[in-house]
Amino acid sequence: MCRRCPRLAAFLDAVRLDEPGYFCRPVPPFGDPDARLLIVGLAPGKHGANRTGRPFTGDHAGILLYRTLHKFGLASGPVSEAADDELQLLDARITNSVKCLPPANKPLPVEIKTCNDFLRAELAQMPRMRVILALGAVAHAAVLRACGLPASGHRFAHAAEHSLGQDRLLLDSYHCSRYNTQTRRLTTAMFEGVIGRARDLALAARPG
């Protein structure tokens, strides 16, 4: 198990003592590595992915995400309950910029940078991937770093689109967090719009 980030490793050890039934390890990606769409979030939530072992599963952020993926034909069902349920992603894959639970849901810049090696490897292992949907500014910056591209000229904004080269596109969205949805910074219509756009771009990029 990765222990490159001492602060995150120590925090996971502490949470594991308090919650021995939780996953409490780096959370792996979910979905088909041959997918054309990759969705990148921030990090596991304490009682969500850190508990279940599947990205965006068990917390508020996953409610809107999986419901919307199902609506646009990217998931076999509208709810992700546990890592061992029968849910499948369809031509989509989900991962996080940081694989381990951070204190207060806020990874440090050095932790985001350290974990970027894993994101870079994931991108290299997805030969058919054509669209990356970044949920939030941290994910946006992590994707650019993994692709070796500068932040300048690729400003984060909801629904913004950026060429990554090699026939790949980065699409931005506000994160589907409880805070963003409850404050209406991100509405259901806004999120459905960006998921629909991501699907259409991914499917159009390489038919079949």
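To keep things clear, this report deals only with the structure shown in the data block. (Residues numbered from 1 in each chain as written. Predicted model: local features only at pLDDT ≥ 70, side-chain atom pairs only at ≥ 80, totals over all residues. Heavy atoms only, no water.)

**Thoughts on the nonpolar core**
If you look at the biggest cluster of nonpolar residues, it comprises 30 residues, and the most contacted ones within it are Leu 37, Leu 69, Cys 176 and Phe 191. Those elements that place two or more of their residues in this core are β2 (37–41), α3 (60–71), β3 (92–96), β4 (131–135), β6 (168–173) and α7 (188–205). Among the elements that make up this core, the one with the highest residue count is α7 (six residues). Filtering out sequence-adjacent residues up to four positions away, Cys 176 remains in contact with Phe 56, Ala 61, Leu 64, Leu 65, Leu 135, Thr 181, Leu 186 and Phe 191. Leu 119, Met 129, Val 143 and Leu 164 belong to the second largest nonpolar core, which has 16 residues in total. (Core = buried A, V, L, I, M, F, W, Y, C linked by side-chain atoms within 4.5 Å. Buried < 20%, exposed > 50% of the residue type's maximum accessible area, 1.4 Å probe, protein only. Helix = DSSP H or I, 4+ residues; strand = E, 2+ residues; numbered from the N terminus. Contact = heavy atoms within 4.5 Å.)

**A look at the pattern of salt bridges**
A complete count under the given rule lists 13 salt bridges for this structure. Between Glu 161 and Arg 197 there is a salt bridge, and its shortest N-O distance comes to 2.7 Å. You can see Glu 161 sitting in strand β5 (residues 161–165) and its partner Arg 197 sitting in helix α7, a full 36 residues away along the chain. Ionic contacts of the salt-bridge type, sharing partners, join the residues Arg 3, Asp 13 and Arg 16 into one network. (Salt bridge = Lys/Arg side-chain N within 4 Å of Asp/Glu carboxyl O.)

**Some words on the layout of surface pockets**
The volume enclosed by the largest pocket comes to roughly 670 Å³. Where the lining of the largest pocket is concerned, the elements lending two or more residues are α3, α5 (137–146) and α6 (178–182). Taken together, the residues that form the lining of the largest pocket break down as 15 nonpolar, ten polar and five charged. Its volume calculated, the second largest pocket comes out at about 240 Å³. Together, 19 residues line the second largest pocket, and Cys 2, Pro 26, Lys 99, Cys 115 and Phe 118 are the ones closest to its centre. Among the secondary structure elements, those contributing two or more residues to the lining of the second largest pocket are α1 (6–18) and α4 (109–124). Among the elements that line the lining of the second largest pocket, the one with the most residues is α4, at five residues. (1 Å grid on protein atoms, 1.4 Å probe; cavity = no way out; pocket = protein on both sides within 12 Å on 5 of 7 lines; lining within 4 Å. Points joined across faces, edges and corners; volume = space filled by probe spheres on them. Nonpolar A, V, L, I, M, F, W, Y, C, P; charged D, E, K, R; others polar.)

**Looking at the sheet that holds β2**
Strand order in the open sheet formed by six strands is β1-β3-β2-β4-β6-β5, and the pairing between neighbours is mixed. What marks the edges here is a single partner per strand, and that holds for β1 (30–31) and β5. The strands touched by α3 within the sheet are β1, β2 and β3, with β3 carrying the most contacts at an inclination of about 165°. (Pairing = 2+ DSSP bridges. Axes fitted to C-alpha atoms, helices over the stretch in contact; angles between N-to-C directions.)

**With respect to the packing of aromatic side chains**
Taken as a whole and judged by the stated rule, the model has two aromatic pairs. Here Phe 30 and Tyr 66 contribute two aromatic rings whose centre-to-centre distance is 6.5 Å and whose plane-to-plane angle is 50°, an arrangement assigned as tilted. Taken together, the residues span a long stretch of sequence, with Phe 30 in strand β1 and Tyr 66 in helix α3 at a distance of 36 residues. Pair check on accessibility: Phe 30 and Tyr 66 agree, each one buried. Taken together, a centroid distance of 6.2 Å and an interplanar angle of 55° make the contact between Phe 156 and Tyr 174 tilted. Highlighted residues: Phe 156 in the loop between α5 and β5 and Tyr 174 in the loop between β6 and α6, separated in sequence by 18 residues. Geometry around Phe 23 places Arg 25 over its ring, the cationic atom sitting 4.0 Å from the centre. Just above the ring of Phe 30 sits the side chain of Arg 54; from NZ or CZ to the centre is 4.1 Å. (Phe/Tyr/Trp six-rings, centres within 6.5 Å; stacked < 30°, edge-to-face > 60°. Lys NZ or Arg CZ within 6 Å of the ring centre and 35° of its normal.)

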